[in-house]
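# Architecture at a glance
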Amino acid sequence: MGLFDRLRRRRRAGGTATRDPAADLRYLQQWVAEHKGVEAFVEPKTTVTEVTVVLVAADGEWTRRKAGGVAGARRLSDRLKIPVYDVQKVGYPQRMRDYDARQRIQRKRALREELDDR
């Protein structure tokens, strides 16, 4: 068995290919309810992933899920009552990059503190 055979088997066994769309919808509804100023950004299909939607809150926190195509992402934003943008046209919001940078700093600090405590 080759490397790629193992990767294909893993993906079928429990990767995103088998994700439950109803569970994704419940998760995204809850995520929107728990965050302020959420906007949706539709990401295009690639050779690796289907069309996905990234929800970005006002503080930059974000989450990503499959969207069921571009039409699915638009229906999702209508259902969640949030604005939707095409990431290829508008790009990712700066607050998302700022949030990721803050998270990296916090992880480095936590690791440094853990090493100092040893």
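Residues numbered from 1 in each chain as written. Predicted model: local features only at pLDDT ≥ 70, side-chain atom pairs only at ≥ 80, totals over all residues. Heavy atoms only, no water.

## Focus on the packing of aromatic side chains
- Summed over the entire model, instances satisfying the criterion amount to one aromatic pair.
- Seen from their ring centres, F41 and Y85 are 5.4 Å apart, and the 35° between their planes marks the pair as tilted. Of this pair, F41 sits in strand β1 (residues 39–43) while Y85 sits in strand β4 (residues 84–86), placing them 44 residues apart in sequence.
- Overall, the relative accessible area of 30% leaves Y85 in the partly exposed class. (Phe/Tyr/Trp six-rings, centres within 6.5 Å; stacked < 30°, edge-to-face > 60°. Helix = DSSP H or I, 4+ residues; strand = E, 2+ residues; numbered from the N terminus. Buried < 20%, exposed > 50% of the residue type's maximum accessible area, 1.4 Å probe, protein only.)

## Notes on the pairing of β1
- Here β1 lies mainly inside the structure; five of its five residues are buried.
- Of the two faces of β1, the one holding E39, F41 and E43 and the one holding A40 and V42 are both buried throughout.
- Bridge count for β1 against β4 is three bridges, and the pairing is parallel. The partner of V42 across the bridge, within β4, is D86. (Pairing = 2+ DSSP bridges.)

## Considerations on the environment of P44
- Position of P44 among the secondary structure elements: in the loop between β1 and β2 (52–56).
- P44 gets classed as partly exposed once you look at its relative accessible area, which sits at 31%.
- Through-space distance from the C-alpha of P44 to that of V87 is 8.0 Å; in sequence the pair is 43 residues apart.
- The contact partners of P44, leaving out residues within four places of it in the chain, are E50, V51, V87 and Q88. (Contact = heavy atoms within 4.5 Å.)

## Points about the packing of helix α2 (residues 21–34) against helix α3 (residues 69–80)
- Where α2 meets α3, the axes come as close as 11 Å, and the angle between the chain directions of the two elements is 45°. The pairing of α2 with α3 is recorded here as oblique in orientation. Considering the relative orientation of α2 and α3, their crossing is right-handed. The residues of α3 that touch α2, namely those facing L25, L28, Q29 and V32, are L76, R79 and L80.
- Within the contact of α2 with α3, the residues separate by chemical class into five nonpolar, one polar and one charged. (Axes fitted to C-alpha atoms, helices over the stretch in contact; angles between N-to-C directions. Parallel < 35°, antiparallel > 145°, perpendicular 65-115°, else oblique. Left-handed = near helix turned anticlockwise from the far one by under 90°. Nonpolar A, V, L, I, M, F, W, Y, C, P; charged D, E, K, R; others polar.)

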